[in-house]
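# Report on the structure
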Amino acid sequence: MGRPAFRTMQEVCVPVSSGHDLVTARREGRDMAVQLGFSACEATLVATAITELVRNIFIYACQGEIYLSMANEGAKSGMTVIAVDQGPRIADIDLAAQVGYSAAGGIALGLSGIKRIMDEFAITSECGRGTAVTVTKWRRR
C-alpha cells in the first residue's frame, strides 16, 4: 500500500510516488472533509479533485506531495488542497486548464474539471522548481 500520511494538528501531508498513494490521499481528503462538516456530496467532490491532482503528479512528475488543511476566511470555513511536485513546469497553464485538454492524451477530469468542482483554483509552475496547484472547497451552510 501507499506510504502513511504525515499529520500535524491542522494539516495532513501525503507523499506521492506511486499509484498506491492515490488511495491514501483520497481517503485522507475525504475523511478530513467529513470531519470538517462537509456533506457526503461535497466530500466526494474534494476526493475527486485529490484523485486528479495525484494522477497529475504521478504522470508528469513521478513524485510530490498532497497537503490537506482547514481553510477559514471570515465566516467561511472549508478545506484547502495543495499539490506540489518538482517535475517539469507546465509550459502553457491557460491551455492546460482548458476543458478537454490532456497532455497525456487521456480522458481524465483534468485541471479544468478540478477548477469546476472546487470553489477556488490557483496554479504556479516554474522551470526548475515544479508545479503547485492550490484548490479550496468552502463548506455550504
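Basis of the calculations
- Residues numbered from 1 in each chain as written.
- Predicted model: local features only at pLDDT ≥ 70, side-chain atom pairs only at ≥ 80, totals over all residues.
- Heavy atoms only, no water.
- Axes fitted to C-alpha atoms, helices over the stretch in contact; angles between N-to-C directions.
- Helix = DSSP H or I, 4+ residues; strand = E, 2+ residues; numbered from the N terminus.
- Parallel < 35°, antiparallel > 145°, perpendicular 65-115°, else oblique.
- Left-handed = near helix turned anticlockwise from the far one by under 90°.
- Contact = heavy atoms within 4.5 Å.
- Nonpolar A, V, L, I, M, F, W, Y, C, P; charged D, E, K, R; others polar.
- Pairing = 2+ DSSP bridges.
- Core = buried A, V, L, I, M, F, W, Y, C linked by side-chain atoms within 4.5 Å.
- Buried < 20%, exposed > 50% of the residue type's maximum accessible area, 1.4 Å probe, protein only.
- Salt bridge = Lys/Arg side-chain N within 4 Å of Asp/Glu carboxyl O.

## Brief notes about the packing of helix α1 (residues 20–35) against helix α2 (residues 40–60)
Taken N-terminus to C-terminus, the directions of α1 and α2 make an angle of 150°; their axes are 8 Å apart at the nearest point. Here α1 is positioned roughly antiparallel relative to α2, judged by the angle of their axes. As α1 runs across α2, the sense of the crossing is right-handed. Of the residues in α2, those in contact with Leu22, Ala25, Arg26, Gly29, Arg30, Ala33 and Val34 of α1 are Ala40, Ala43, Thr44, Val46, Ala47, Thr48, Ile50, Thr51, Val54 and Arg55. For the contact of α1 with α2, the residue count by class is ten nonpolar, four polar and three charged.

## Some details on the pairing of strand β3 (residues 64–73)
Taken together, the six bridges between strand β2 (residues 11–16) and β3 define a ladder with antiparallel strand orientation. The residue of β3 that forms the bridge with Val16 is Gly64.

## Observations concerning the nonpolar core
Formed by 27 residues in total, the largest nonpolar core has its most connected members in Leu53, Ile66, Leu68, Met79 and Val81. Elements with a minimum of two residues in this core: β2, α1, α2, β3, β4 (76–85), α4 (110–117) and β6 (130–138). Of the residues forming this core, the biggest block, seven residues, is contributed by α2. Setting aside anything within four residues of it in sequence, one finds Ile66 in contact with Val12, Cys13, Val14, Val16, Ala25, Leu53, Val54, Ile57, Val81, Ile82 and Ala83.

## Some remarks on the packing of α2 against α4
Here α2 crosses α4 at 155°, and the two axes come no closer than 10 Å. Between α2 and α4, the crossing angle belongs to the class labelled roughly antiparallel. Regarding α2 and α4, the two cross each other, and that crossing is left-handed. Where α2 approaches α4, its residues Leu45, Thr48, Ala49, Glu52, Leu53 and Asn56 are matched on the opposing element by Gly110, Leu111, Ile114 and Ile117. Along the lines of polarity and charge, the residues of the contact of α2 with α4 split into six nonpolar, three polar and one charged.

## With respect to the environment of Gly37
Looking at the secondary structure, you find Gly37 in the loop between α1 and α2. Sequence separation between Gly37 and Gly78 is 41 residues; the distance between their C-alpha atoms is 8.6 Å.

## So, the pattern of salt bridges
What the rule picks out here adds up to four salt bridges. Residue Glu52 pairs with Arg55 through a salt bridge whose shortest N-O separation is 3.1 Å. Here Glu52 and its partner Arg55 are both found in helix α2, three residues apart, which amounts to about one turn of the helix. Residue classification places Glu52 among the buried positions, given a relative accessible area of 5%.

## Describing the pairing of β6
Extensive coverage of β6 is indicated by the burial of seven of its nine residues. With eight bridges connecting them, β4 and β6 associate as antiparallel partners. Opposite Gly78, over in β6, you have Trp138 as the bridge partner. Bridge count for strand β5 (residues 120–126) against β6 is seven bridges, and the pairing is antiparallel. The residue bridging Phe121 from the neighbouring strand is Val135, located in β6. Adjacent in sequence and paired antiparallel, β5 and β6 are bridged by three residues, among which Gly128 carries a positive phi angle near 80°.

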